[in-house]
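For reference, the chains in residue letters:
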Amino acid sequence: MGNKVLVVDDEKLIVKGIKFSLEQDNLVVDAAYDGEEALEMAKSNQYDLIILDVMLPKIDGLSVCQQIREFSDVPIIMLTAKGEDMDKIMGLEYGADDYLTKPFNILELKARIKAILRRVTHVENVSDKKKIKTNGLEMEISSRRVFVRGKEVNLTAKEFDMLELFASNPGKVYSRESLLNTIWGYDYPGDVRTVDVHVRRLREKIEENPSQPEFIHTKWGVGYYFKD
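No experiment lies behind these values; they were computed from the predicted model shown.

Conventions we followed
Residues numbered from 1 in each chain as written. Predicted model: local features only at pLDDT ≥ 70, side-chain atom pairs only at ≥ 80, totals over all residues. Heavy atoms only, no water. Axes fitted to C-alpha atoms, helices over the stretch in contact; angles between N-to-C directions. Helix = DSSP H or I, 4+ residues; strand = E, 2+ residues; numbered from the N terminus. Parallel < 35°, antiparallel > 145°, perpendicular 65-115°, else oblique. Contact = heavy atoms within 4.5 Å. Nonpolar A, V, L, I, M, F, W, Y, C, P; charged D, E, K, R; others polar. Pairing = 2+ DSSP bridges. Polar contact = N/O pair within 3.5 Å; in protein donor to acceptor, adjacent residues only side chain to side chain.

**Q** Describe in detail the packing of helix 7 (residues 176-184) against helix 8 (residues 193-206), supporting the description with residues and values.
**A** Between helix 7 and helix 8, the least distance of the axes is 9 Å, while the angle of their chain directions is 80°. Relative to helix 8, the element helix 7 lies roughly perpendicular. Across the interface between the two elements, Arg176, Leu179, Leu180 and Trp184 of helix 7 pack against Thr194, Val195, Asp196 and His198 of helix 8. Of the residues belonging to the contact of helix 7 with helix 8, the class tally is four nonpolar, two polar and two charged.

**Q** Lay out the sheet that holds strand 7 (residues 137-140) in plain terms, naming residues and giving numbers.
**A** The strands that make up a sheet are held in pairs by hydrogen bonds between backbone atoms, and each pair lies either parallel or antiparallel. Overall, antiparallel pairing links the four strands, which are arranged 6-7-8-9 in an open sheet. If you trace the sheet from one side to the other, it starts and ends with strand 6 (131-134) and strand 9 (151-153), each paired once. Across the sheet, the mean angle from the axis of one strand to that of its neighbour is 20°, orientation sign disregarded. In terms of strand pairing, strand 8 (residues 145-148) meets strand 9 through three bridges, oriented antiparallel. Looking at the pairing, Val148 lines up with Lys151 of strand 9. Here helix 6 (residues 157-168) sits on the sheet in contact with strand 6, strand 7 and strand 8, set at roughly 115° to strand 7.

**Q** Report on the environment of Thr218, specifying residues and quantitative values.
**A** Here Thr218 shows up in strand 11 (residues 216-219). Apart from residues lying up to four places away in sequence, Thr218 is in contact with Arg203, Gly223, Tyr224 and Tyr225. A polar side-chain atom of Thr218 sits 2.8 Å from a polar atom in the side chain of Arg203.

Geometry only, nothing functional implied.
Now the structure itself:
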């Protein structure tokens, strides 16, 4: 049985095309055509990835993404007919891991899906015993759980990957470009503002005072680093 994917779009021809193409790669594909249906399916099924259109009936895609993030860190790829940067950044703000602007090439979508599933599988294959503990922060790598001062915090897939990279290499300064390439991949079309958005969201979740960070620090003019 292949990985399970939920495709959410109110345009049935688009869903049909994506479903057919992904099933050629042995993925199991479910479909939803509005925001309410998508939320119900996400709650009642265990998906490896969700492809989510921004413009949906009943509940819009950004709200669906935000609500899914309240109970799951499943990777989410947003689809949007709008090309403005703010729409893309907004999608990331709401917890999306990646985005594609319509019309898109199905081969590009499949490449993004493979990259995300490969990263998730790699993390799952890490020893169950692997943990990172430092100064009140604890990461359980295999279960992808994070605790700060004993309290669990919910991170998106990209936020977790970024924190793991930082915490595994304390003191090493990563430029925005290197973070973009390492976490999102060399063929990712976004820009360095994507990194800044994720760092800010990560700080809001793990720092007691995000404006005076304890863990993720800024090296002005260079990038970011983790201080243990």
